[in-house]
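Chain and residue survey
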Amino acid sequence: MGSAGASVGREGLLVRRAPGTRSYPPRVTTLLTAVRDLGRLREISLVLMKHGFGEVLGRMGLGALLPGTALIETESERRRVAWPERIRLVLEDLGPSFMKLGQIASTRADVLPRELIAELKKLQDDVRSVDFEAIKAEAEASLAAPLSEVFSSFDERPLATATIGQVHRAQLRDSYDDAAEPEEREVVVKIQRPGVRATIERDLELLHFLAAILERSIAESRAYDPAGLVAQFDRSITGELDFSREADNAEHFRRNFEGYPGVAFPRVYKAASTKRVLITEFFDGHTIEHALANGADGKRVARRAVGIVVKMIFEDGFFHADPHPGNIILLGPLQDPTIGLIDLGMVGRLSPDLRDKTVRLLGAAARQDGLAVADALY
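Residues numbered from 1 in each chain as written. Predicted model: local features only at pLDDT ≥ 70, side-chain atom pairs only at ≥ 80, totals over all residues. Heavy atoms only, no water.

Topic: the packing of helix 10 (residues 196-217) against helix 11 (residues 226-240)
It is the contact of helix 10 with helix 11, at a shortest axis distance of 8 Å, that shows an interaxial angle of 165°. Accordingly, the angle class assigned to the pair helix 10 and helix 11 is roughly antiparallel. Helix 10 and helix 11 meet at a crossing whose hand is left-handed. Here helix 10 contributes Ile200, Leu204, Leu207, His208, Ala211, Leu214 and Glu215 to the contact with helix 11, which in turn contributes Pro226, Ala227, Val230, Ala231, Phe233, Asp234, Ile237 and Thr238. Residue composition of the contact of helix 10 with helix 11, by class: eleven nonpolar, two polar and two charged. (Axes fitted to C-alpha atoms, helices over the stretch in contact; angles between N-to-C directions. Helix = DSSP H or I, 4+ residues; strand = E, 2+ residues; numbered from the N terminus. Parallel < 35°, antiparallel > 145°, perpendicular 65-115°, else oblique. Left-handed = near helix turned anticlockwise from the far one by under 90°. Contact = heavy atoms within 4.5 Å. Nonpolar A, V, L, I, M, F, W, Y, C, P; charged D, E, K, R; others polar.)

This is the structure:
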């Protein structure tokens, strides 16, 4: 089965082929013409094989992308590591696009199994940092100035690492404060990872390809609409690559919630920011987990959070679309904290018409009016 003359046939079974030739299953061949980077596709296949998902490769017909490699399920890996952990490891190995997709999926406890959610949540924290010299070069190229010219101090240790950017703490010189205030400001500097745009654009193309072939090959996957999910993810993450959009989003949220108690959005220093470097107000607070462990009232925080979400969706039609715990900071006294929302690159919008229809649906559900629920859904 490990001979160079083996490939995967239409049903995912090994077939023989002549030495030196390449053949793909018919359903794969037409799709491959739309994929520019077959090397990356082979890498994805190898990672899936490494972590015990050979059966998935077989059903999708992608084993033929691994020349000289028989499609043998790695049973030892399957027995040694539970499947939710193996999925997380696959996403980590494949890099920023796939990790971001996993982070978003970690918030969908309404759809995914609890054990998978627990593993995917680890992706919110376990993001490898970029070497400071590389991140410094990226920042200075985008700012067109040395860091020492823009900041009076800059902490080389990352405050946080994410899939698209890395965050550092710094002191912004007053000459770069667009409010022209005479004092230096403590800020966070979000710098785009070097080369991340090209990586994400390449991976999005492959995700569209994989979603299409998954729907064709594995019928049960269609219930989750892989192609639709990837299309939505494409729109969201592409917008995140332009930090000026995040700056605009932050200002939009600050206007919408002006005078609204219990919530805060960071001020953006636009005069010093670019499309790849975003400089915002530093929020000195607690993570949700730390706050709850140290006496915060979970019910109070939850009620306040629901009120914020309701205003975003039903009043403003403009909402934070990536509200995982890593993007929430509790500010002020733990007995009555203010909810600080950061990382505002992904947002959602609802038209007034859709908001009205959603309100009608909720009202009908509250009245237990089945016909009205059906009408609203229709």
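Description of the pairing of strand 4 (residues 165-172)
Burial of strand 4 is extensive: six of the eight residues sit out of reach of the surface. Hairpin connection, strand 3 (residues 151-161) to strand 4: the antiparallel pair is bridged by three residues. (Buried < 20%, exposed > 50% of the residue type's maximum accessible area, 1.4 Å probe, protein only. Pairing = 2+ DSSP bridges.)

Side note on the sheet that holds strand 4
The four strands lie next to each other as 3-4-5-7, forming an open sheet whose pairing is antiparallel. Across the chains shown, the open sheet's two edge strands, defined by having one partner strand only, are strand 3 and strand 7 (277-281). Within the sheet, the average angular offset between the axes of one strand and its neighbour, ignoring direction, is 30°. Where helix 8 (residues 132-143) meets the sheet, it contacts strand 3, strand 4, strand 5 (185-192) and strand 7, and its direction lies at approximately 100° from that of strand 5.

Details of the packing of helix 2 (residues 38-50) against helix 10
Here helix 2 crosses helix 10 at 65°, and the two axes come no closer than 10 Å. Once helix 2 is placed against helix 10, the crossing between them reads as right-handed. Side by side, helix 2 and helix 10 meet where Arg40, Leu41 and Ile44 of the first sit next to Arg202, Asp203, Leu206, Phe209 and Leu210 of the second.

Overview of the confidence of the model for the chain
Per-chain confidence: the chain averages 83 in pLDDT, with 83% of residues scoring 70 or above. Predicted confidence is poor over residues 68-73, with pLDDT under 50, and the contacts of this stretch with residues over four places away or in other chains come to 23 contacts. (pLDDT = per-residue confidence, 0-100.)

A look at a nonpolar patch on the surface
A surface patch of nonpolar side chains, about 290 Å² in accessible area, is lined by Val111, Tyr224 and Leu229. As for its position among the elements, Val111 is in the loop between helix 6 (96-105) and helix 7 (114-120). In this structure Val111 comes out as partly exposed when scored by relative accessible area, which is 39%. (Patch = residues over 30% accessible without salt bridge, like charges linked within 9 Å, V, L, I, M, F, W, Y side chains within 5 Å. Areas by Shrake-Rupley, 256 points an atom, 1.4 Å probe, with all protein chains shown as cover. Salt bridge = Lys/Arg side-chain N within 4 Å of Asp/Glu carboxyl O.)

Considerations on the side chain of Lys311
Along the chain, Lys311 turns up in helix 14 (residues 298-316). By relative accessible area, Lys311 is classed as buried at 8%. Excluding anything up to four places from it in sequence, Lys311 contacts Asn256, Phe257, Tyr260 and Asp316.

Things to note about the packing of aromatic side chains
Evaluated as defined, the whole model comprises six aromatic pairs. Pairing Phe253 with Phe265 gives two aromatic rings, centres 4.9 Å apart and planes at 5°, and the pair type is stacked. Taken as a pair, Phe253 in helix 12 (residues 243-256) and Phe265 in the loop between strand 6 (263-264) and strand 7 lie far apart in primary sequence, twelve residues in all. Here Phe253 and Phe265 have matching classes, each one buried. Ring plane angle 45° and centroid distance 5.3 Å describe the contact between Phe257 and Phe265, whose orientation is recorded as tilted. Here a set of aromatic residues connected by ring pairs shows up, and it is made of Phe253, Phe257, Tyr260, Phe265 and Phe318. (Phe/Tyr/Trp six-rings, centres within 6.5 Å; stacked < 30°, edge-to-face > 60°.)

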